[in-house]
Amino acid sequence: NYLGSINWFNYFNSNSNINDDISFLYLHINIAINHFIPKQHRHKLIYPIWFSKELKILIKQKQIAHLAYKTLNLPESYNTFSNLRIKCKNIRYRDYNVYINNTQNSVKINPKHFWKFYNSQKSSLQLPAVMSYLDEETSSGSEIVNFFKSHFSNVYKPNTLNSYNISNISKLDNSLFCVNSINISIMDVFNEFWCTNQNQSLGPDGISAKFLKE
């Protein structure tokens, strides 16, 4: 147990810099991920991700019918193949629209569906060096994030419940923000990990909720 072998208590007690503590924590979490988490190879999909089971069956039937038509060269064989081809085309159009609508509607609740579709459309999992949105183009990571934010802004509603007046923060007693005065038990941490949603996208630290939870 790599993470269990580290004396976290001694390190955090001997260091008063919260930034160093966070860096130390993420350093060892990333070491654990890189050395002990199995890597999965991305398998190339035979069919697009939005193909339904019904469509896959019809495609196989169409391929068999096409082979029969080429072999027998009969009008009946061609009619069977032609009907299956039309049916495949209609269901393909239906499946694509259903998948796109479901993905768009679930962006706020489960953005994993969007990224699954996005990743299925390209051979590499890396974001392109330059991305464009409307008439703007950028290679900056933060600006790319803002492009996505602008595009999906109509999906999200502004949070009006937690509105803070930043000007009042400077008037507060600095002792209220002393990290050492905060008492957090191990069970508090476990409870927060247990409540994390594994369907959410990775945060800026790149650590999945599933890793923290398990």
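Residues numbered from 1 in each chain as written. Predicted model: local features only at pLDDT ≥ 70, side-chain atom pairs only at ≥ 80, totals over all residues. Heavy atoms only, no water.

- Per an unreviewed UniProt entry, the protein goes by the name Reverse transcriptase domain-containing protein and belongs to Aphis craccivora.

## Describing the overall build of the protein
And then number 1: Of the regular secondary structure elements, the protein holds eight helices and two strands.
And then number 2: When its helices and strands are written in sequence order, the protein yields α-α-α-α-α-β-β-α-α-α.
And then number 3: Evaluated residue by residue, the protein yields a buried proportion of 19% over its 214 residues.
And then number 4: Of the roughly 17,400 Å² of accessible surface on the protein, 57% is carried by carbon and sulfur atoms. (Helix = DSSP H or I, 4+ residues; strand = E, 2+ residues; numbered from the N terminus. Buried < 20%, exposed > 50% of the residue type's maximum accessible area, 1.4 Å probe, protein only. Areas by Shrake-Rupley, 256 points an atom, 1.4 Å probe, with all protein chains shown as cover.)

## Here we look at the packing of aromatic side chains
And then number 1: A full pass over the atoms with the stated rule returns nine aromatic pairs.
And then number 2: Through pairs of rings, three or more aromatic residues link up here, namely Tyr47, Trp50, Phe51 and Tyr96. (Phe/Tyr/Trp six-rings, centres within 6.5 Å; stacked < 30°, edge-to-face > 60°.)

## Examining the side chain of Ser52
And then number 1: One can find Ser52 in the loop between α2 (18-36) and α3 (53-72).
And then number 2: Side chain to side chain, Ser52 and Asp95 meet in a polar contact 2.5 Å long.
And then number 3: Once residues lying within four places of it in the same chain are set aside, the contact partners of Ser52 are Ile91, Arg94 and Asp95. (Polar contact = N/O pair within 3.5 Å; in protein donor to acceptor, adjacent residues only side chain to side chain. Contact = heavy atoms within 4.5 Å.)

## A closer look at the packing of α3 against helix α4 (residues 75-105)
And then number 1: Direction vectors running N to C along α3 and α4 enclose 155°, while the axes themselves pass 8 Å from each other. If you check the angle between α3 and α4, you find them roughly antiparallel. Taken as a pair, α3 and α4 cross one another with a handedness that is left-handed. Across from Glu54, Leu55, Leu58, Ile59, Gln61, Lys62, Ala65, His66, Ala68, Tyr69 and Leu72 in α3, the residues of α4 making contact are Ser77, Tyr78, Thr80, Phe81, Leu84, Arg85, Lys87, Cys88, Ile91, Arg92, Arg94 and Asp95. (Axes fitted to C-alpha atoms, helices over the stretch in contact; angles between N-to-C directions. Parallel < 35°, antiparallel > 145°, perpendicular 65-115°, else oblique. Left-handed = near helix turned anticlockwise from the far one by under 90°.)

## Here we look at the pattern of salt bridges
And then number 1: The tally for this structure, following the rule as stated, stands at two salt bridges.
And then number 2: Residues joined by salt bridges that share partners form a network here, namely Glu54, Arg94 and Asp95. (Salt bridge = Lys/Arg side-chain N within 4 Å of Asp/Glu carboxyl O.)

## As for unusual backbone geometry
And then number 1: One non-glycine residue with positive phi stands out, namely Asn73, at about 55°.
And then number 2: Mapped onto the fold, Asn73 is located in the loop between α3 and α4.
And then number 3: Residue class for Asn73 comes out exposed when judged on its relative accessible area of 56%.
And then number 4: Of note in this structure, Leu134 is not a glycine but carries a positive phi near 55°.
And then number 5: Judged by its relative accessible area of 72%, Leu134 falls in the exposed class.

## Details of the nonpolar core
And then number 1: In this structure, Trp50, Phe51, Leu55, Leu58, Ile59, Cys88 and Phe117 are the most contacted members of the largest nonpolar core, which totals 13 residues.
And then number 2: Where this core is concerned, the elements lending two or more residues are α3 and α4.
And then number 3: When sequence neighbours within four positions are dropped, the list of residues in contact with Phe117 reads Ile49, Trp50, Tyr96, Tyr99 and Ile100. (Core = buried A, V, L, I, M, F, W, Y, C linked by side-chain atoms within 4.5 Å.)

## Some remarks on α2
And then number 1: Between its first and last C-alpha, α2 extends 27 Å over 19 residues, near the 27 Å set by a 1.5 Å rise per residue.
And then number 2: Taken as a whole, α2 has its buried residues at Asp21, Phe24, His28, Ile29 and Ala32. Seen from one end, α2 has its buried residues packed into an arc of 125°, which puts them on one side. Relative to its buried face, α2 has exposed residues pointing more than 90 degrees away, namely Asn19 and Asn34.
And then number 3: In this structure, the buried side of α2 is in contact with α1 (8-14) and α8 (209-213). (Expected span 1.5 Å × (residues − 1). Arc of directions from axis to C-beta.)

## Here's the deal with a nonpolar patch on the surface
And then number 1: Where nonpolar side chains cluster on the molecular surface, the patch consists of Ile182, Ile184, Ile186, Met187, Val189 and Phe190 and spans about 620 Å² of accessible area.
And then number 2: Looking at where Ile184 falls in the secondary structure, it is placed in the loop between α6 (141-151) and α7 (186-194). (Patch = residues over 30% accessible without salt bridge, like charges linked within 9 Å, V, L, I, M, F, W, Y side chains within 5 Å.)

## What to know about α3
And then number 1: With 20 residues, α3 extends 29 Å between its outermost C-alpha atoms, agreeing within 8% with the 28 Å of an ideal straight helix rising 1.5 Å per residue.
And then number 2: Listed as buried for α3 are Leu55, Leu58, Ile59, Lys62 and Ala65. Along the axis of α3, the buried positions cluster into a sector of 130°, meaning they face one direction only. What points out from α3, more than 90 degrees from its buried face, is the exposed set Lys53, Ile64, Leu67 and Thr71.
And then number 3: Summarising the contacts, the buried residues of α3 are in contact with α4.
And then number 4: Of the residues flanking the end of α3, it is Asn73, one or two places downstream, whose phi is positive at about 55°.

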